[in-house]
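# Remarks on the overall topology
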There are 2 protein chains.
Amino acid sequence: MTPLASDTSSAPASGWVETVHLRPPSLDDNTSDADRLSDALKKRLNTDRVRIDLALLRRLPFQLRTCAFAVRCALFRDGSRWILIDVSAATDSVRFAGLAVDLGTTRVVARLVDLLSGRVLNEASFDNPQRSVGSDILSRIHYAEKTGHGLEQLRHSLVTAVNRHIRDLCRRSGRRPADVCLVSLAGNTTMSHLFAGVAPRWMIREPYIPVFNRPGLFRASDLDLEANAGARVYIFPNSGSYVGGDVVAGILHAGMGRAPETALLVDVGTNAEVVVGNQEWMVACAGAAGPALEQGVTRMGMMAESGVIDRVAIDPASGGFRIHVIGDQPPRGICGSGLIDLAAHLFLNKMIDIRGRLVPSNCGPRLREDGGSAALEIVAADQTADGKPLVIAQPDLDSLIRSKAAMYTILETITEIVGLRPRDLTRFYVAGTFGAFIDPRSAITIGMLPDLSLNAYVSLGNSSLEGASRLLSQRESLEEIDRITQRITYVELNVNQDFMNRFSAAKFIPHTDRSLFPSVNGPE
Amino acid sequence: MTPLASDTSSAPASGWVETVHLRPPSLDDNTSDADRLSDALKKRLNTDRVRIDLALLRRLPFQLRTCAFAVRCALFRDGSRWILIDVSAATDSVRFAGLAVDLGTTRVVARLVDLLSGRVLNEASFDNPQRSVGSDILSRIHYAEKTGHGLEQLRHSLVTAVNRHIRDLCRRSGRRPADVCLVSLAGNTTMSHLFAGVAPRWMIREPYIPVFNRPGLFRASDLDLEANAGARVYIFPNSGSYVGGDVVAGILHAGMGRAPETALLVDVGTNAEVVVGNQEWMVACAGAAGPALEQGVTRMGMMAESGVIDRVAIDPASGGFRIHVIGDQPPRGICGSGLIDLAAHLFLNKMIDIRGRLVPSNCGPRLREDGGSAALEIVAADQTADGKPLVIAQPDLDSLIRSKAAMYTILETITEIVGLRPRDLTRFYVAGTFGAFIDPRSAITIGMLPDLSLNAYVSLGNSSLEGASRLLSQRESLEEIDRITQRITYVELNVNQDFMNRFSAAKFIPHTDRSLFPSVNGPE
């Protein structure tokens, strides 16, 4: 799959730093220090309001005189006003930094960026410490409300971990936390609420209300983040409870809000979200089309870690499995992308039929019985990490079929809502681990993804992180985010008879309607 | 003198509290809590941006549900955005309060106002604790820069005193400091800087630069004020180093920025400032027309305290002095207004001549010698507080003549700058103690104030406090303040030959040009 290039490392700086050379005060020009600087910035930024925090105002006259009124300014925009976060000497080119954070439910990734050049300085990722109370969002929401200080505990554990990594990233990059002027943060709606210490409890009860959609700009100090005294934190807006800031960041990174052609974005992380649209309109849905389906789709993106099989092919000559293991070690499991590859190749080699059932006559000696089900040995016992054979059983395949059918049904439903068919899409963005690992060819073969040209599939990588980073180096991103959140419409996917009919039709490989998958040459 | 009625106690509430009844969320209307409230407020306030601080955002969902989505909101405007400071139940009519502060160099006056009704709850005044390092502004500026923590000490002493009075005013009014959502604060440029902890040192050195002109809005917590967690502090803007926020507040209170006719405002406090203008334009000058003149003018407003003679007349029958003492006790001195009265009556009774010299033939037995100068006994020794006669000596009268001449010269000069003569003014506002105590008839008689109809003279009282209070109850004040500061032009009064010629002409009673004072019937 084509990976989308990250803008942040290569783009020319057009971010949040401005350098101004002021005329020093004189009897003929004796305006105040603050006005002198603000007026120059207003002209430069075409705004009528520049806000200066009290702490900076106290330092400002000394700093202006120290650097002879030639200053580098770290700024951020908040609506029509600009906020002056800090000033430095115009000659100082290595001070101001920004931090982009992908606030994942499972993993958190933080990236330190030089604000002047837009260059990536360092990156770190770590487990979300809130996992200690539960791996899923629901258990955290319950924890936040049940215990007296549950919400504050969850918030504190996360902020503490982020702070530790701010210190560490700064140390590794020759910066200080006080240099961090901007923090750009994208997460799902629950994570954004928990990070801000805002109760998410009403999101899981009818009528499913988040406290905020556009949290806006906060002071880093209000969030207890270790950063510049005037640092601002931008939490990506969400669109309701289901379309989080991480998805908005993904849309920003993919550039869907800047393109005329209609594209689709799939983000399969802890949750699964789908967005279809262009610069004019956007429709989003979450994979919450019944818990069973959701769990199935979600599973596809999981477990892509060291020691896990992420690629499978069948050797045409020997009929044996060729596997790739992440980290090149003896395998201990198989992840979603590996499973999809496996199913595709089993199908192409007629070892499973169109319903995903193992075909004993074609499976040969690898077929066995495992707990009452047919099972296929993928890796022999002497080649696995734990010395046990790695098998795939019929229930695993059945589960995969349900997952892929759910995914295709969601894609079919949402594209139909906007008057398209899945095959009409010319651009198909796949975010996250799911996008990074799956082979679209295999996913098409089993009928999980539509039968588009392979060029149409673009892997976004960590689109949440990339979107958050983009904001640090491209100031136009702020307007784009506003446009995205204004245009996006969330649709609830009703699991009605029509949906279930589509789902049933999609439970075949690749589909009951083979004309939808002309490129797939498997058994009829 | 006609006193100007205070708007704050009588005006209908049109301040910073709005009550909204929201439709509770439903499946059909599942916008976020923050958006639900913001959207209603945006519509009500005709704005596109309502800011909610993080601390309030955390409380908001609970409070909305406690009061069934019918909320009273304390708000303030900051440019085009509105800030939601706190919410309360719509049924709660006695919570939100505002504090107006006149930040005088000598005295500080604080007034607690009910934000909903605009009603004054209580008032307190106290000595500015910074007086311990010096009574005048200059000594405080020096203290702020000389000592290591001088600035912080000065700031802290003042804030501590204000906090003590916030607690006290709240206690006396059945409120809590947490109810105080807005603080409106007016002081001269130096006091504003010291209160904010911003170094004023560059204001007293060429080219005389303040750090800020429009300090804007701060959080009360940033200024260490004991108030609502989200409370905002508005520090009245200054126009350069000499026209302080107290003057701007005075202009607001007088209504000069709302009136078509050209008026003049004199504020004689620790400094003396004069503003002339109307809703279209304004010109201001400070009485810093040479230190000697300034001191002279300034002295007029001083010492109006208990035990001091503030009114003097001469009994036409007996020729004896009729005095009024503040607090009705034996006198221990005479203040500016008393001195002006005295000089006027001495002149009308030919006991001083047009140069202010005591006329021995008309002074009778009260005339004596005092330290080499002629002196007149005003109160006999047995009727004074200290048992010594209260006398006025020729040097005192000479000093008064110089003061009144300086005042008139300044008034004449600034009115001429705007193309008028002093007598063309139809409205003449006199602020502060000076305005509260002087008899304009006497001031006209000695040629200190122009010979206008007595109706033209309006005493503004504590115009700084009244202006600060007005902002708490009249939200349009904010635009008016912006207009005032945009329109005001500061002019430096050059003590040139022309100025000195005017000054010499004004050193006669009432003036060398008697045609300027047709109502004065004293000796030729």
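Structurally, Arg95 of chain A can be placed in the loop between strand E5 (81-89) and strand E6 (97-103). Within the structure, the side chain of Arg95 of chain A is placed 3.3 Å from the side chain of Asp179 of chain A, a separation counted as a polar contact.

The next subject is the relation of the copies chain A and chain B. Here chain A sits on chain B after a turn of 180° about the axis and a move of 0.0 Å along it, with an RMSD of 0.1 Å. On the angle and the small slide along the axis, the relation comes out as a two-fold axis. Among all C-alpha atoms of chain A, that of Ser80 of chain A lies closest to the rotation axis, at 4.1 Å. Same-surface contact between copies: 100% of interface residues of chain A are shared with the interface of chain B.

Right, let's talk about the interface of chain A and chain B for a bit. Taken together, the contact pairs 45 residues of chain A with 45 residues of chain B. Taking both partners together, chain A and chain B bury about 3,900 Å²; carbon and sulfur atoms supply 53% of that area. In terms of surface lost to chain B, no three residues of chain A exceed Leu54, Arg58 and Trp202 of chain A, which account for 14% of the buried area on that side. Our count for the chain A to chain B interface comes out at 8 salt bridges. A salt bridge links Asp35 of chain A to Arg214 of chain B; the nearest nitrogen and oxygen atoms lie 2.9 Å apart. Every element with two or more residues in the side of chain A that touches chain B is listed here: helix H2 (33-45), strand E3 (50-52), helix H3 (54-66) and strand E10 (217-219) of chain A. Element by element, the count of residues in the side of chain A that touches chain B is highest for H3 of chain A, at 6 residues. Considering only residue class, the side of chain A that touches chain B consists of 21 nonpolar, 8 polar and 16 charged.

The subject of this paragraph is the sheet that holds strand E23 (residues 488-490) of chain B. Residue and element names in this part refer to chain B. Pairing is mixed in the open sheet, where 7 strands are placed in the order E1-E22-E21-E12-E13-E14-E23. The open sheet has two edge strands with one neighbour each: strand E1 (2-3) and E23. Where strand E13 (residues 272-277) meets strand E14 (residues 282-286), 5 bridges bridge the pair, whose relative direction is antiparallel. Among the inter-strand pairings, Val276 is bridged to a residue of E14, identified as Val283. Docked against the sheet, helix H7 (residues 245-254) engages strand E12 (263-268), E13, E14, strand E21 (427-431), strand E22 (457-461) and E23, running at close to 135° with respect to E12.

Residues and elements named next belong to chain B. Of all 6 residues making up E13, 6 are buried, and the element is well covered by its neighbours. Note that E12 and E13 share 6 bridges and pair antiparallel. When the bridges of E13 are listed, Asp267 appears paired with Glu273. The hairpin formed by E13 and E14 contains 4 residues between the paired strands.

When we look at burial in helix H16 (residues 497-505) of chain B, the residues that qualify are Phe499, Arg502, Phe503 and Ala505 of chain B. One side of H16 of chain B carries all its buried residues, which in axial view fall inside an arc of 165°.

Right, let's talk about the confidence of the model for chain A for a bit. Residues and elements named next belong to chain A. The share of residues in chain A with pLDDT of 70 or more is 94%, and the mean pLDDT across the chain is 91. Taken as a whole, residues 289-295 scores under 50 in pLDDT and shows 9 contacts with residues more than four places along the chain or in a different chain. Between residues 297-301, whose pLDDT stays under 50, and residues either more than four places distant or in other chains, the model counts 21 contacts. Listed scores for the predicted complex are pTM 0.91 and ipTM 0.91.

Cut-offs applied
Residues numbered from 1 in each chain as written. Chains lettered and ligands numbered in written order. Predicted model: local features only at pLDDT ≥ 70, side-chain atom pairs only at ≥ 80, totals over all residues. Heavy atoms only, no water. Helix = DSSP H or I, 4+ residues; strand = E, 2+ residues; numbered from the N terminus. Polar contact = N/O pair within 3.5 Å; in protein donor to acceptor, adjacent residues only side chain to side chain. Least-squares fit on C-alpha atoms with pLDDT ≥ 70 in both. Contact = heavy atoms within 4.5 Å. Buried area = accessible area lost by both parts, 1.4 Å probe. Salt bridge = Lys/Arg side-chain N within 4 Å of Asp/Glu carboxyl O. Nonpolar A, V, L, I, M, F, W, Y, C, P; charged D, E, K, R; others polar. Pairing = 2+ DSSP bridges. Axes fitted to C-alpha atoms, helices over the stretch in contact; angles between N-to-C directions. Buried < 20%, exposed > 50% of the residue type's maximum accessible area, 1.4 Å probe, protein only. Arc of directions from axis to C-beta. pLDDT = per-residue confidence, 0-100.

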